[in-house]
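# Fold and geometry: a report
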Amino acid sequence: MPPKQRKIAIMGYRSVGKSSLSIQFVEGQFVDSYDPTIENTFVITTKVNNQEYDLKLVDTAGQDEYSILPTQYSMDIHGYVLVYSITSPKSFEIIQIIYDKLLDMTGKVHVPVVLVGNKKDLHMDRVISQEEGRRLADSWKAVFLEASAKQNEVTSKKCVADIFHTMLVEIEKANGNTVQENNKCSIS
């Protein structure tokens, strides 16, 4: 089977860890100091359920409530990883605005989304509860995960790669294909 081409946009407020999640997935490392992203594209080949994917990750610049989302974020994008920081109420508010703008821009009622509450390693500074994140994702019919790009960890002892593998599964479901997740990096 030839690899499927998929393009995923990673969006969220500034400094929520979009680039850190991308770099952790693509390069397997956490970059502590990072210049604010203008826009970056990462390319990686990955496999989910014996299907290879040539994956393009569009790491977007941080958005705020006034950003006009460029139309390129609705064209040729198969799914969206929307990221907020569990330590920032502002980022949680912004992610809801971004989601609404995405629906307006794409003209769709539903787009494949994985909602990620990042920085779960900063649990002492948590202001957004897991329940709040889960409720929001449920209202969007999206998958919800909490992650730490720094510790390469996601909810339920998974790793950052699982965010993107889950996104691919959601894209396939949206395309009418039935697939099962394989948690490639489950940590025991």
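Residues numbered from 1 in each chain as written. Predicted model: local features only at pLDDT ≥ 70, side-chain atom pairs only at ≥ 80, totals over all residues. Heavy atoms only, no water.

## Things to note about the pattern of salt bridges
On inspection of all chains with the given rule, the structure shows five salt bridges. With a closest N to O distance of 2.9 Å, Glu 172 and Lys 4 form a salt bridge. With Glu 172 in helix H4 (residues 161-174) and Lys 4 in strand S1 (residues 4-12), this pair connects stretches of sequence that are 168 residues apart. In this structure, Glu 153 and Lys 120 form a salt bridge, with 3.2 Å as the shortest nitrogen-oxygen distance. Placement of the pair is Glu 153 in strand S7 (residues 153-154) and Lys 120 in the loop between strand S5 (113-118) and helix H3 (130-140), with a sequence separation of 33 residues. According to the relative accessible area criterion, Glu 153 is partly exposed, its value standing at 29%. Look at the salt bridges and you will find they share partners, linking Lys 4, Arg 6 and Glu 172 into a network. (Salt bridge = Lys/Arg side-chain N within 4 Å of Asp/Glu carboxyl O. Helix = DSSP H or I, 4+ residues; strand = E, 2+ residues; numbered from the N terminus. Buried < 20%, exposed > 50% of the residue type's maximum accessible area, 1.4 Å probe, protein only.)

## Details of the environment of Val 81
Relative to the elements of secondary structure, Val 81 occurs in strand S4 (residues 79-85). For Val 81, a relative accessible area of 1% translates into the label buried. For the pair Val 81 and Glu 93, spaced 12 residues apart in sequence, the C-alpha to C-alpha distance is 16 Å. Not counting chain neighbours up to four residues away, the residues in contact with Val 81 comprise Ile 8, Ala 9, Ile 10, Met 11, Val 114, Val 116, Ile 163, Phe 164 and Met 167. (Contact = heavy atoms within 4.5 Å.)

## Thoughts on the packing of aromatic side chains
The description of an aromatic ring pair uses the distance of the two centres, along with the angle that the planes make with each other. Counted by the stated rule, this structure contains three aromatic pairs. Ring centres 4.8 Å apart and planes at 70° place the aromatic pair Tyr 84 and Phe 92 in the edge-to-face group. Given the relative accessible area of 10%, Phe 92 is considered buried. (Phe/Tyr/Trp six-rings, centres within 6.5 Å; stacked < 30°, edge-to-face > 60°.)

## Focus: the sheet that holds S1
With respect to topology, seven strands assemble into an open sheet ordered S2-S3-S1-S4-S5-S6-S7, the strand pairing being mixed. Looking along the sheet, the strands with just one partner apiece sit at the ends: strand S2 (39-48) and S7. Here S5 pairs with strand S6 (residues 143-148) via four bridges, running parallel. Within S6, the residue paired with Val 116 across the bridge is Leu 145. (Pairing = 2+ DSSP bridges.)

## Considerations on the side chain of Ser 148
Relative to the helices and strands, Ser 148 is located in strand S6. For Ser 148, a relative accessible area of 0% gives the class buried. Polar side-chain contacts of Ser 148 include one of 2.9 Å to the backbone nitrogen of Gln 151. Apart from residues no more than four positions distant in its own chain, Ser 148 is found in contact with Asn 118, Lys 119, Lys 120, Asp 121, Glu 153 and Val 160. (Polar contact = N/O pair within 3.5 Å; in protein donor to acceptor, adjacent residues only side chain to side chain.)

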